[in-house]
Amino acid sequence: MNKAARLILFYAAAFLQGVCLVVLPGAADIIKQADQNGISSEQYGWFTIPLIVGVIAVSFTMSFLPSSPLARMSPGKLFRLGAAVDAAFLGLLALSRLTLGQPLLSLGVFLAAQLMLGMGFSLLVSVLNTQVIALYPARSHTVLTGMHATLGIGAAAAPLLVNAAAASGSWQLAPALSALLFLVLILLPFGMSAPTAASARADAASQRLPAGAWFFLAAIVLYGIVEAIVAYWSVDMLKNERGLDAAEAKLALSLFWFAVTLGRLAASAAALYLSSRAVYLLSAPLVIGCLAAVALAPGANAWSMQLLFAALGFGASWFFPFSISLSIERYPRHEAALSALALAALMAGYGIGPPAIAAGLSAKLTTLSGAFAIAAIFGLLYGLAALRAATMRHTTAEATP
């Protein structure tokens, strides 16, 4: 399989990974219905806990335990293992149809599925990050951002796929068909262009990450909290506090993810002419402004909310891939560790944001609109951490591959 074909395969895997990330939030209003799975809002808020456990366990194992079986696997085996675990996640979602009317059993199935998602996401995307760069090292920024844009297309498509499947009789058809596509990718013959994971992980594990790298990772955690609040609580907020119907609310979330994709492509092009650091630092101010507008606009109609969510997605779009590319550009000898740990940092944010909001709602300390005001505060914090990461001096030794 030639380089172009492999890149297409990697982008297809990224698309399916994007579907995985948002397919369950896209069905949130369905699984909460009493005649469906009967999941409460508080239980839904804790769905991210097994997700973060799976991501962090895999990421830290690959980054800091070079003698572990995962660290010794070749990139090809890691790719197939990640795809298989993602397929298992989707299979569990499909099987949730068998637990209708059984809230506790449904909860167990969804929590197990989220653990699978965390592990599959970490395995697959950490490999994809390094593989697309290895294919086209001279165009690393473009191909990496393009890969994450493709992931965003999958995320944007997920709520629409769920709606279409639900209209045909069962939302579980969406994860079932996606699982079959993952199995097709697993069976395709292809090679990897990067060296085996073992040597890269061993080298990363033998060296401490520079302080500047940790600021990049801290910024990603804080950004992850913002993205998770938007991903997990938008539909509920728009329906219950802005008066949108289910279709209008889901369209707003889809527009957010579509704008994430378009924004990543636009930022990739802008970085050819502008300072990548300047583009990187522009994200937080845009996100803060949009979140504040969402939180403070109770009388807004459907189209204005949808427009705000599109603007929010555009502003947030490039922050995560630029965090990876800029951190690797500054600290190339830590490429493998940063690729894996960036995913752990993002999912750490996902593990913090929704449960915290769920706890606040349960204790009546906040409203769903208030959750978006809280997200704006975290937008300010990730902007400050990103500013520190991007302007911090680093030594020649740290930057030498």
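Everything numeric here is computed off the predicted structure, so don't read it as measured data.

1. Examining the overall build of the protein
(1) Moving on: Counting its regular elements, the protein contains 18 helices and zero strands.
(2) Moving on: Against the 2.2 N^0.38 benchmark of 21 Å for 401 residues, the protein shows a C-alpha radius of gyration of 20 Å, consistent with a compact globule.
(3) Moving on: Here the C-alpha coordinates of the protein stretch approximately 55 × 45 × 35 Å along the principal axes.
(4) Moving on: Counting every position in the protein, which comprises 401 residues, the buried fraction comes to 58%.
(5) Moving on: Long-range pairs, those at least 24 residues apart, make up 85% of the contacts in the protein between residues at least 6 apart in sequence.

2. Quick look at the environment of Gly263
(1) Moving on: The residue Gly263 is located in helix α12 (residues 246–270) in this model.
(2) Moving on: Apart from the residues within four sequence positions on either side, Gly263 is in contact with Phe314, Ser317 and Trp318.

3. A look at the packing of aromatic side chains
(1) Moving on: Enumeration according to the criterion identifies 14 aromatic pairs in this entry.
(2) Moving on: Ring centres 5.7 Å apart and planes at 40° place the aromatic pair Phe47 and Phe110 in the tilted group. In this pair, Phe47 sits in the loop between α3 (41–45) and α4 (48–64) while Phe110 sits in helix α7 (residues 103–135), placing the two residues 63 residues apart along the sequence. Judged on exposure class, the residue Phe47 and its partner Phe110 are both buried.
(3) Moving on: Between Phe314 and Trp318, the ring centres sit 5.6 Å apart and the planes meet at 85°, which makes this aromatic pair edge-to-face.
(4) Moving on: Judged by relative accessible area, Phe314 falls into the partly exposed class, the value being 37%.
(5) Moving on: An aromatic cluster is defined as three or more aromatic residues linked by ring pairs; in this entry it consists of Tyr44, Phe47, Phe110, Tyr232, Trp233 and Tyr350.
(6) Moving on: The ring of Phe215 carries Arg388 above its face, with NZ or CZ at 5.4 Å from the centroid.

4. Quick word on a nonpolar patch on the surface
(1) Moving on: Taken together, Trp46, Ile49, Val53 and Leu115 make up a surface patch of nonpolar side chains, about 320 Å² in accessible area.
(2) Moving on: Its location among the elements puts Trp46 in the loop between α3 and α4.

5. Examining the side chain of Ser122
(1) Moving on: Residue position: Ser122 is located in helix α7.
(2) Moving on: Of note is the side chain of Ser122, whose polar atom sits 2.7 Å from the side chain of Ser59.
(3) Moving on: Discounting chain neighbours no more than four positions away, the residues touching Ser122 are Val55, Val58, Ser59, Met62 and Leu343.

6. Overview of α12
(1) Moving on: For α12, with 25 residues, the first-to-last C-alpha span of 36 Å sits near the 36 Å given by 1.5 Å per residue.
(2) Moving on: Two to three positions downstream of the cap, the backbone nitrogen of Ala247 sits 3.2 Å from a side-chain oxygen, assigning the N-cap of α12 to Asp245.

7. Things to note about the environment of Ser276
(1) Moving on: Within the secondary structure, Ser276 sits in helix α13 (residues 276–295).
(2) Moving on: Between the C-alpha atoms of Ser276 and Leu7, which are 269 residues apart in sequence, the distance is 23 Å.
(3) Moving on: Ser276 has contacts with Ala271, Phe322 and Leu326, leaving out every residue within four places of it along the chain.

8. As for the environment of Leu296
(1) Moving on: Along the chain, Leu296 turns up in the loop between α13 and α14 (302–316).
(2) Moving on: Note: C-alpha distance between Leu296 and Ala373 (77 residues apart in sequence) is 8.2 Å.

9. Examining the pattern of salt bridges
(1) Moving on: Counted under the stated rule, the structure contains two salt bridges.
(2) Moving on: Between Lys32 and Asp236 there is a salt bridge whose closest N-O contact spans 2.4 Å. On the criterion of sequence distance, the pair formed by Lys32 in the loop between α2 (28–31) and α3 and Asp236 in helix α11 (residues 211–241) is long-range, its members being 204 residues apart. Side by side, Lys32 and Asp236 carry an identical accessibility label, which is buried.

10. Some words on the packing of α11 against helix α16 (residues 335–362)
(1) Moving on: Running from amino to carboxyl end, α11 crosses α16 at an angle of 45°, the nearest separation of the two axes being 6 Å. Compared by their axis directions, α11 and α16 come out oblique. Between α11 and α16 lies a crossing of right-handed hand.
(2) Moving on: Taken together, the residues that form the contact of α11 with α16 break down as 23 nonpolar, three polar and one charged.

11. A look at the confidence of the model for the protein
(1) Moving on: Residue-level pLDDT values for the protein average 85, and 93% of them are 70 or greater.
(2) Moving on: Per-element mean pLDDT across the protein ranges from 48 in helix α10 (residues 197–205) up to 94 in helix α17 (residues 368–391).
(3) Moving on: Here residues 195–202 is modelled with pLDDT under 50, and outside its nearest four sequence neighbours on either side it reaches 19 contacts, counting other chains as well.

12. Some words on α14
(1) Moving on: With 15 residues, α14 should reach 21 Å at 1.5 Å per residue; the first-to-last C-alpha distance of 21 Å fits that figure.
(2) Moving on: Along α14, the residues that are buried comprise Ala302, Ser304, Met305, Gln306, Leu308, Phe309, Leu312, Gly313, Gly315 and Ala316.
(3) Moving on: On its buried side, α14 packs onto α11, α12, α13, α15 (319–330) and α17.

13. A closer look at unusual backbone geometry
(1) Moving on: With a phi close to 60°, Lys364 is a non-glycine residue in the positive phi region.
(2) Moving on: Given a relative accessible area of 74%, Lys364 falls into the exposed group.

Cut-offs and rules
Residues numbered from 1 in each chain as written. Predicted model: local features only at pLDDT ≥ 70, side-chain atom pairs only at ≥ 80, totals over all residues. Heavy atoms only, no water. Helix = DSSP H or I, 4+ residues; strand = E, 2+ residues; numbered from the N terminus. Rg over C-alpha atoms; globule rule 2.2 N^0.38 Å. Buried < 20%, exposed > 50% of the residue type's maximum accessible area, 1.4 Å probe, protein only. Contact = heavy atoms within 4.5 Å. Phe/Tyr/Trp six-rings, centres within 6.5 Å; stacked < 30°, edge-to-face > 60°. Lys NZ or Arg CZ within 6 Å of the ring centre and 35° of its normal. Patch = residues over 30% accessible without salt bridge, like charges linked within 9 Å, V, L, I, M, F, W, Y side chains within 5 Å. Areas by Shrake-Rupley, 256 points an atom, 1.4 Å probe, with all protein chains shown as cover. Salt bridge = Lys/Arg side-chain N within 4 Å of Asp/Glu carboxyl O. Polar contact = N/O pair within 3.5 Å; in protein donor to acceptor, adjacent residues only side chain to side chain. Expected span 1.5 Å × (residues − 1). Axes fitted to C-alpha atoms, helices over the stretch in contact; angles between N-to-C directions. Parallel < 35°, antiparallel > 145°, perpendicular 65-115°, else oblique. Left-handed = near helix turned anticlockwise from the far one by under 90°. Nonpolar A, V, L, I, M, F, W, Y, C, P; charged D, E, K, R; others polar. pLDDT = per-residue confidence, 0-100.

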